[in-house]
Amino acid sequence: MQDQESQWHWQQWGTQWHGKGIYHITLSTANHRPLLGTLLIPEREGRKMPNEATVERSELGKGVIDSLYRMQQLHEEVKPIAYALMPTHVHVVLQVMREMPISMRKLMQGFWQGCKQAAWRLGMNGGDVFPERPYIRTMWHRGQLRTMIDYVRLNPQRKAVQMVEPENFLVQEGIELGDVTCRGVGNVKLLFEQNLFPVHVHKEWVWDAEKGNDQALRDYKNRCIIEARKGAVLVSPFINEHERQVLQVALAEGARAIYILDNGLPDRRTYKPSGAYFEACREGRMLFLSPWDYDAQKKHCTREECVRMNQLAEEMCKREKEE
C-alpha cells in the first residue's frame, strides 16, 4: 500500500481537477429508503453476529453496481479501488489514473444518470429515487486513503454493530456544558470524569518545528500521551495533524477521548463514526460533541469556529478541576 500510494498524485486544494487523484463518492436514495438491498446479520446459537454481516443486493442495487462498472468501461482512466453497497446508499473509493477529458463533476453526473436509468427500467421514477447528485469528497493526503478503504469495506459490519449494539451510537440531545447545549454520540459519562486533559498544539510550536526546533512540540505531544496513559480523558477538536496524531496514538493504546466536532450531528437516531473512532465508541471510550447544527454542505472549519472549540475544551477541563 505505501509503495503504491507514493505513485499517486493528490489533488491540490481549490483546483478544478481533471488529472490524477483519489476520491470518495457517496450516492444515497431519497430519504434513506432501503431500496438497494437488505442487510443480513447471521445468527449463531441464538446470538447475532454483526461482524459477519453482508448486504444482499436488490435489483436496483445490482443496477447501481452495473452503472459503476459501465462508467469504468467508458472511462478507462478511472478505477474503483473499493466500494460498498448499503441498503440506502453506495460508497465508492475512486482512483483517477491519468488526465481525464471531463471533470470529476461531469463524470459523477454520468454515473448518477446511469443509476436513475436503472431505477426507470424497474418501473420507478429515477429522479425520485436519486434526487441528489453523488457527494464527492477529495482525498487530500495519503493518510486518509487506508482509513477510507477500511471504512468502505467494513461498512456492512459496522452498520450491523450499530443496529445490534446501539447504546453507544445513539444521537443524544440537550447535553449542557455551562451555557452551551450540544448534541452528542458516545459515552456521556466521560464528561463526569475527574481528569479531563485539553489537547491544543499551539501554532508557535509548529512554526519552531518547521524551522528545525521541534523539542517543544515533541515534549507536548509526549505529555499528552503520558496523561492519557495515566487515565486522563483527552478533550479537543483535534484540528491540526499533530493533535490528530496524539489522538490516534492514544486510542491505539486504549485511552479515552472527547472529540468536539466543527459540524453538528445528522438528524438521525444513531451515528456511525469511522475507523478507530468506531471501535473506541463501541467500547465506550469516546464521546463526540457538537454545539452547532448539522450542515450537509459544510466542508471547512472557520478560524472563529476553531477558536471557539478550543475554548470549549479548555472550559470543560477547567470546570472539572474546579469541581
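Further up the page is the structure itself.
Worth saying up front: this structure is predicted, and the values here are computed from it rather than measured. (Residues numbered from 1 in each chain as written. Predicted model: local features only at pLDDT ≥ 70, side-chain atom pairs only at ≥ 80, totals over all residues. Heavy atoms only, no water.)

Concerning the packing of aromatic side chains
Each aromatic ring pair is described using two quantities: the centre-to-centre distance and the angle formed by the ring planes.
Part 1 of the reasoning: With the rule as written, the count across this model stands at eight aromatic pairs.
Part 2 of the reasoning: Their ring planes at 25 degrees and their centres at 5.0 Å tell us that F169 and F278 sit as a pair that is stacked. Remark: F278 occurs in helix α10 (residues 275-282) and F169 occurs in the loop between α6 (155-164) and β9 (171-177); sequence separation between them is 109 residues.
Part 3 of the reasoning: Judged by relative accessible area, which is 1%, F278 ranks as buried.
Part 4 of the reasoning: Seen from their ring centres, W205 and Y220 are 4.7 Å apart, and the 40 degrees between their planes marks the pair as tilted. Highlighted residues: W205 in helix α7 (residues 203-210) and Y220 in helix α8 (residues 215-229), separated in sequence by 15 residues. (Phe/Tyr/Trp six-rings, centres within 6.5 Å; stacked < 30°, edge-to-face > 60°. Helix = DSSP H or I, 4+ residues; strand = E, 2+ residues; numbered from the N terminus. Buried < 20%, exposed > 50% of the residue type's maximum accessible area, 1.4 Å probe, protein only.)

With respect to the sheet that holds strand β12 (residues 233-236)
Part 1 of the reasoning: Pairing is mixed in the open sheet, where six strands are placed in the order β9-β10-β14-β13-β12-β11. Two strands bound the open sheet, and with one partner strand each, they are β9 and β11 (196-198). On average, each strand axis in the sheet is tilted by 30 degrees relative to the strand beside it, whichever way the strands run.
Part 2 of the reasoning: Both β9 and strand β10 (residues 180-186) contribute to a ladder of five bridges, which runs antiparallel. Counterpart to I175 in the pairing with β10 is C182.
Part 3 of the reasoning: Along the sheet, α10 makes contact with β10, β13 (256-260) and β14 (286-290), crossing β14 at roughly 110 degrees. (Pairing = 2+ DSSP bridges. Axes fitted to C-alpha atoms, helices over the stretch in contact; angles between N-to-C directions. Contact = heavy atoms within 4.5 Å.)

A look at the layout of surface pockets
Part 1 of the reasoning: Roughly 210 Å³ of internal volume is contained in the second largest pocket.
Part 2 of the reasoning: If you trace the second largest pocket, you find 15 residues lining it, with S67, R70, L74, G110 and G114 closest to the centre.
Part 3 of the reasoning: Of all the elements in the fold, those that place two or more residues in the lining of the second largest pocket are α2 (59-74) and α3 (104-121).
Part 4 of the reasoning: Here the lining of the second largest pocket gets eight residues from one element, more than from any other, and that element is α3. (1 Å grid on protein atoms, 1.4 Å probe; cavity = no way out; pocket = protein on both sides within 12 Å on 5 of 7 lines; lining within 4 Å. Points joined across faces, edges and corners; volume = space filled by probe spheres on them.)

Quick word on α8
A turn of α-helix holds 3.6 residues, and therefore any two residues three or four places apart point the same way.
Part 1 of the reasoning: Taking 1.5 Å per residue as the helical rise, α8 with its 15 residues ought to reach 21 Å, and the 21 Å between its terminal C-alpha atoms agrees with that figure.
Part 2 of the reasoning: Where α8 is concerned, the buried positions are L217, Y220, K221, C224, I225, E227 and A228. Seen along its axis, α8 keeps its buried residues to an arc of 160 degrees; they face one direction.
Part 3 of the reasoning: Summarising the contacts, the buried residues of α8 are in contact with β11, α7, β12 and α9 (241-252).
Part 4 of the reasoning: Once α8 ends, the next one or two residues include G231, with phi positive near 110 degrees. (Expected span 1.5 Å × (residues − 1). Arc of directions from axis to C-beta.)

Section: the pairing of β13
Part 1 of the reasoning: In terms of residue burial, β13 counts as a mostly covered element, since four of its five residues are buried.
Part 2 of the reasoning: The parallel pair β12 and β13 is bridged by α9, and the resulting crossover is right-handed.
Part 3 of the reasoning: Pairing between β13 and β14: four bridges, direction parallel. Within the sheet, the bridge partner assigned to A257 lies in β14 and is M286.
Part 4 of the reasoning: A crossover connection joins β13 to the parallel β14 through α10; in handedness this β-α-β unit is right-handed. (Right-handed = clockwise from strand over helix to strand, strands pointing away.)

Description of the pattern of salt bridges
Part 1 of the reasoning: Scanning the entire structure with this criterion turns up 12 salt bridges.
Part 2 of the reasoning: For E227, the salt bridge identified is with K230, shortest N-O distance 4.0 Å.
Part 3 of the reasoning: Residue K230 is classed as exposed on the basis of its relative accessible area, which comes to 60%.
Part 4 of the reasoning: Counted as one network, the salt bridges with shared partners bring together E165, E279 and R282. (Salt bridge = Lys/Arg side-chain N within 4 Å of Asp/Glu carboxyl O.)

Some remarks on the environment of M49
Part 1 of the reasoning: Here M49 shows up in the loop between β4 (47-48) and β5 (54-57).
Part 2 of the reasoning: Separated by 112 residues in sequence, M49 and V161 place their C-alpha atoms 8.5 Å apart.

Quick notes on the packing of α2 against α3
Part 1 of the reasoning: Running from N to C, α2 and α3 cross one another at 145 degrees; their axes reach a closest spacing of 9 Å. Judged by the sense of rotation from one axis to the other, the crossing of α2 with α3 is right-handed. Residue-level contacts link L60, G63, V64, S67, L68 and M71 of α2 to L107, M108, F111, G114, C115, A118 and A119 of α3.
Part 2 of the reasoning: Considering only residue class, the contact of α2 with α3 consists of 10 nonpolar, three polar and no charged. (Left-handed = near helix turned anticlockwise from the far one by under 90°. Nonpolar A, V, L, I, M, F, W, Y, C, P; charged D, E, K, R; others polar.)

What about the sheet that holds strand β6 (residues 78-85)?
Part 1 of the reasoning: Strand order in this open sheet of four strands is β6-β7-β1-β8, and the pairing throughout is antiparallel. Since the sheet does not close on itself, it has two edges, and those belong to β6 and β8 (135-138), each with one partner. Strand-to-strand, the axes of this sheet are offset by a mean angle of 20 degrees, without reference to chain direction.
Part 2 of the reasoning: Where β6 meets strand β7 (residues 89-96), seven bridges bridge the pair, whose relative direction is antiparallel. For L85, the partnering residue across the bridge sits in β7 and is V90.

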